[in-house]
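# Breakdown of the fold
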Amino acid sequence: MRAFKLYFKVMRGSLATILTYIGIFVVIANFVINAQLPSKEADLKIAEPKITVFDADESPVSKAFTAYLTEHAEIVELEDTEIAINDALFDGETYYVIRIPQDFGKQMLDPERNDAELNAQGSIYVHLSIVSAQLVERYNQTFQVYKQAFGGSIPAEQLENTLDLIRTDLQAEVSTRAFLSGETYKITLLGTSFNNTFYILIALLTSVIGSTLIAMENQSVKNRDLVSGIPERQRTFGIFLATLLFSVVLWVFLIVFMYTQLGFDLLTDTRSLWLIGVSFVHMVAVLAVANFFITLMRNKGALNFFSTVFSLAVSFTSGVFVPLELIQAPVQKVASFMPTVWAVKANNAIVHMPEQAPDYSFVWQAMGIMTLMTVAFLCLTLVLRKSRQRSFA
């Protein structure tokens with residue numbers, strides 16, 4: 001495995017880059033985690049939901065729903081503009097913005113539906129957004145129970161009385177303050193930490209692996225290996241194995257560091273294991289993407305510039321540095337051609353997953369999409385390498 005050993009000898013030249021990126025991550029992550037980690041003395045955090053509601057339906061059902069929210073949260077009035085809403089979400093003036101569309105009442109009363117279309121936007125304070133989302137979900141669940149009691153459709157003459165009964169029932173069930181245990185908050189913080197590791201993985205895998213592979217693919221180095229009797233296939237396999245080993249070791253280090261800060265007891269939580277699974281699939285997908293661009297460029301100077309710009313661009317457009325709720329839809333569509341946005345969406349879905357009847361179907365979908373991207377970029381890399389081998393032959 002001469003190529004395998006040579007790979008790590010060449011990689012020593014990138015040791016300063018590796019230590020710099022990891023050092024920055026450790027310092028920032030340690031500060032953020034310790035600043036937000038719930039103390040043992042205050043295991044319960046009291047959260048007052050702040051919700052903004054824009055009602056375009058103005059039906060009896062939507063008015064009853066808004067009245068319910070008013071009873072269990074602080075309703076914040078905002079100007080209905082994108083800038084005002086995004087600023088309020090970022091500054092913590094409101095934690096959840098709900099847009100009730102037209103025909104909301106008809107959809108809620110429809111016997112064929114179990115919910116209605118509702119446009120919601122959460123803030124960067126994820127745990128408080130969860131509290132608000134739980135209020136909405138609890139109302140919908142109670143409404144559906146009453147609807148089923150009437151055989152799937154609430155008679156028009158019974159609607160007003162039924163809406164009053166729903167509000168009465170929910171007054172006994174829902175407190176206007178939500179108590180979040182330290183463990184629940186730690187899972188949310190863990191999901192955010194996993195998202196932050198994506199930038200380090202993208203930056204290091206493109207820059208370090210890139211500079212190493214470019215050096216290994218230098219024609220004089222390559223000819224020396226081939227002349228010494230190492231078959232091309234064996235050499236390629238050795239390089240691939242070394243690349244994969246470095247990626248896995250880096251990934252494991254980041255995971256261990258996070259659990260060292262937040263507690264290994266989180267591994268007993270099923271959501272924690274799902275976060276690890278998503279992170280691993282994302283790491284493999286990023287490795288495939290990095291290999292493709294490295295093979296495409298084959299210039300160390302250009303690659304270093306590309307690595308910096310690419311890692312920052314992906315992180316800012318995929319929800320790593322900026323919450324997805326604050327990123328415009330067209331930007332998210334462009335970012336969806338890279339695996340990171342799917343990993344962030346999957347992580348957000350996991351930390352918001354209810355303990356009762358969890359549904360991981362979207363998480364499976366996101367992991368499947370990242371796996372397909374891995375296969376696609378690997379195939380493109382192989383095709384590109386083959387075409388270049390023919391051109392040098």
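Our subject is the structure that appears above.
Note that the coordinates shown come from a computational prediction; the quantities given were computed from them, not determined experimentally.

Helix and strand counts for the protein chain stand at 15 helices and six strands. Taking all 393 residues of the protein chain together, the buried fraction comes to 48%. For the protein chain, the proportion of contacts with a sequence separation of at least 24, taken over those separated by at least 6, is 79%. Total accessible area on the protein chain is roughly 19,600 Å²; 61% of this is exposed by carbon and sulfur atoms.

One can find S193 in helix α8 (residues 182-216). Discounting residues that sit within four places of it in the chain, S193 has contacts with I33, M258 and L262.

Here we come to helix α11 (residues 270-297). Spanning 28 residues, α11 covers 41 Å between terminal C-alpha atoms, matching the ideal 40 Å at 1.5 Å per step. Counting buried positions along α11 yields 21 of 28 residues, so the element is predominantly enclosed. By the N-cap criterion, in which a side-chain oxygen at the helix start approaches the backbone nitrogen of a residue two or three places on, α11 is capped by D269, the distance to R271 being 2.8 Å. Looking one or two places after α11, you find R298, whose phi comes out positive at around 60°.

The next point concerns the pairing of strand β2 (residues 50-55). Consecutive side chains of a regular strand alternate in pointing toward one face of the sheet and then the other. When β2 meets strand β3 (residues 74-75), the two strands line up parallel, connected through two bridges. Along β3, the bridge assignment pairs I51 with I75. Note on the crossover from β2 through helix α3 (residues 60-72) to β3: the handedness is right-handed. Pairing between β2 and strand β4 (residues 96-100): five bridges, direction parallel. Bridging from a neighbouring strand, D55 pairs with I100 of β4.

This part covers the packing of aromatic side chains. For the structure on display, the rule yields 19 aromatic pairs. Aromatic side chains Y259 and F264 sit 6.2 Å apart centroid to centroid with 20° between the ring planes, which places their arrangement in the stacked category. Owing to a relative accessible area of 46%, F264 belongs among the partly exposed residues under this scheme. Among the aromatic residues, ring-to-ring pairing joins F65, Y68, F104, Y139 and F143 into one connected group. Over the ring of W342 we find K345; its NZ or CZ atom is 5.1 Å from the centre of that ring.

This next bit is on the environment of M297. For M297, the location among the structural elements is in helix α11. Residues M297 and I214 lie 83 residues apart in sequence; the distance between their C-alpha atoms is 9.2 Å. Each residue touching M297, except ones within four places of it in the same chain, is listed here: A302, L303 and F306.

One pass over the full model with this rule turns up four salt bridges. For D103, the salt bridge is made with K106, and the minimal N-O distance between the two is 3.9 Å. Given the relative accessible area of 64%, K106 is considered exposed. D269 is the partner of R271 in a salt bridge, and the nearest nitrogen-oxygen pair spans 3.0 Å. The exposure class of R271 is buried, given its relative accessible area of 9%. Given a relative accessible area of 21%, D269 falls into the partly exposed group.

Let us look at a nonpolar patch on the surface. Taken together, the side chains of I24, V27, I28, F31 and V32 present a nonpolar region at the surface, about 480 Å² in accessible area. With respect to the element layout, I24 can be found in helix α2 (residues 15-36).

Any empty space left between the atoms is revealed when a probe the size of a water molecule rolls over them. The final tally for this structure, using the stated rule, is one cavity of 30 Å³ or more. Its volume calculated, the largest cavity comes out at about 40 Å³. Every residue along the wall of the largest cavity is listed here: I202, V286, V289, F310, V314, M338, P339 and T340. Elements with a minimum of two residues in the lining of the largest cavity: α11, α12 (300-317) and α14 (339-351). Broken down by class, the residue content of the lining of the largest cavity amounts to seven nonpolar, one polar and no charged.

Here we take up helix α4 (residues 82-91). Burial in α4 covers these residues: I85, N86, A88 and L89. All buried residues of α4 project into a common sector of 160° when viewed along the axis, lining one side. Those residues of α4 that are buried lie in contact with β2, β4 and β5 (119-122).

This brings us to the sheet that holds β2. Spatial strand order, β3-β2-β4-β5: four strands in an open sheet with mixed pairing. Looking at strand neighbours, the two that pair on one side only are β3 and β5, the edges of this open sheet. Seen against the sheet, α3 touches β2, β3 and β4 and runs at an angle of roughly 165° to β2.

What counts, and at which threshold
- Residues numbered from 1 in each chain as written.
- Predicted model: local features only at pLDDT ≥ 70, side-chain atom pairs only at ≥ 80, totals over all residues.
- Heavy atoms only, no water.
- Helix = DSSP H or I, 4+ residues; strand = E, 2+ residues; numbered from the N terminus.
- Buried < 20%, exposed > 50% of the residue type's maximum accessible area, 1.4 Å probe, protein only.
- Contact = heavy atoms within 4.5 Å.
- Areas by Shrake-Rupley, 256 points an atom, 1.4 Å probe, with all protein chains shown as cover.
- Expected span 1.5 Å × (residues − 1).
- Polar contact = N/O pair within 3.5 Å; in protein donor to acceptor, adjacent residues only side chain to side chain.
- Pairing = 2+ DSSP bridges.
- Right-handed = clockwise from strand over helix to strand, strands pointing away.
- Phe/Tyr/Trp six-rings, centres within 6.5 Å; stacked < 30°, edge-to-face > 60°.
- Lys NZ or Arg CZ within 6 Å of the ring centre and 35° of its normal.
- Salt bridge = Lys/Arg side-chain N within 4 Å of Asp/Glu carboxyl O.
- Patch = residues over 30% accessible without salt bridge, like charges linked within 9 Å, V, L, I, M, F, W, Y side chains within 5 Å.
- 1 Å grid on protein atoms, 1.4 Å probe; cavity = no way out; pocket = protein on both sides within 12 Å on 5 of 7 lines; lining within 4 Å.
- Points joined across faces, edges and corners; volume = space filled by probe spheres on them.
- Nonpolar A, V, L, I, M, F, W, Y, C, P; charged D, E, K, R; others polar.
- Arc of directions from axis to C-beta.
- Axes fitted to C-alpha atoms, helices over the stretch in contact; angles between N-to-C directions.

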